[in-house]
Amino acid sequence: QVQLVESGGGLVQAGGSLRLSCAASGGTFSSYNMGWFRQAPGKEREFVAGINWTGVGTYYTDSVKGRFTISRDNAKNTVYLQMNSLKPEDTAVYYCARRLYSSGSYSNQREYAYWGLGTQVTVSS
């Protein structure tokens with residue numbers, strides 16, 4: 001049974017930083033591409049960042065490019081999201097997810113098989 005557990009969320013002032021972690025268990029973590037999504041209050045869940053199984057290929061939504069960095073440590077079965085220069089509009093519950101396919105679109109939520117329960121990030125102005 002695959003489980004994904006996010007951690008590292010919290011309350012931070014605008015301009016601050018947080019690093020989210022997603023620990024995976026079950027399955028072969030190093031074989032799968034991963035993604036981070038977020039859902040703000042009253043809004044639909046949206047793609048934030050994705051990373052391929054090697055860690056070489058990374059993908060970001062435009063609003064976080066240059067501020068967020070996705071990475072992974074296959075030895076630790078963990079994917080990270082380093083978030084810098086945080087803005088109040090980054091406030092959301094952040095979810096990690098494991099992709100079904102090696103190809104396709106990282107932003108397509110239907111291409112993800114497993115999801116964590118999320119971690120809350122709140123950025124105050």
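Residues numbered from 1 in each chain as written. Predicted model: local features only at pLDDT ≥ 70, side-chain atom pairs only at ≥ 80, totals over all residues. Heavy atoms only, no water.

1. What about the pattern of salt bridges?
If you walk through the whole model with that rule in mind, you get 5 salt bridges. The salt bridge involving D62 is made with K65; its shortest N-O contact spans 3.0 Å. For the salt bridge of R67 with D90, the shortest nitrogen-to-oxygen distance reads 2.7 Å. In this pair, R67 sits in the loop between β6 (58-60) and β7 (68-73) while D90 sits in the loop between β8 (78-83) and β9 (92-99), placing the two residues 23 residues apart along the sequence. Overlapping salt bridges, with partners in common, bring together R38, E46, R67 and D90 in one network. (Salt bridge = Lys/Arg side-chain N within 4 Å of Asp/Glu carboxyl O. Helix = DSSP H or I, 4+ residues; strand = E, 2+ residues; numbered from the N terminus.)

2. A look at the environment of C22
Relative to the elements of secondary structure, C22 occurs in strand β3 (residues 18-25). Among the residues examined, C22 registers a relative accessible area of 0% and is labelled buried. Separated by 56 residues in sequence, C22 and T78 have C-alpha atoms that sit 5.4 Å apart. Residues in contact with C22, not counting those within four places in the same chain, are L4, V5, E6, W36, N77, T78, V79 and C96. (Buried < 20%, exposed > 50% of the residue type's maximum accessible area, 1.4 Å probe, protein only. Contact = heavy atoms within 4.5 Å.)

3. What about unusual backbone geometry?
In terms of backbone geometry, most residues other than glycine have negative phi values and most peptide bonds are trans. In the Ramachandran plot, N77 falls in the positive-phi region, its phi being about 55° despite a non-glycine side chain. Along the chain, the position of N77 falls in the loop between β7 and β8. With relative accessibility at 29%, the residue N77 sits in the partly exposed group. A positive phi angle is found at S85, which is not glycine, with a value near 50°. Here S85 shows up in the loop between β8 and β9.

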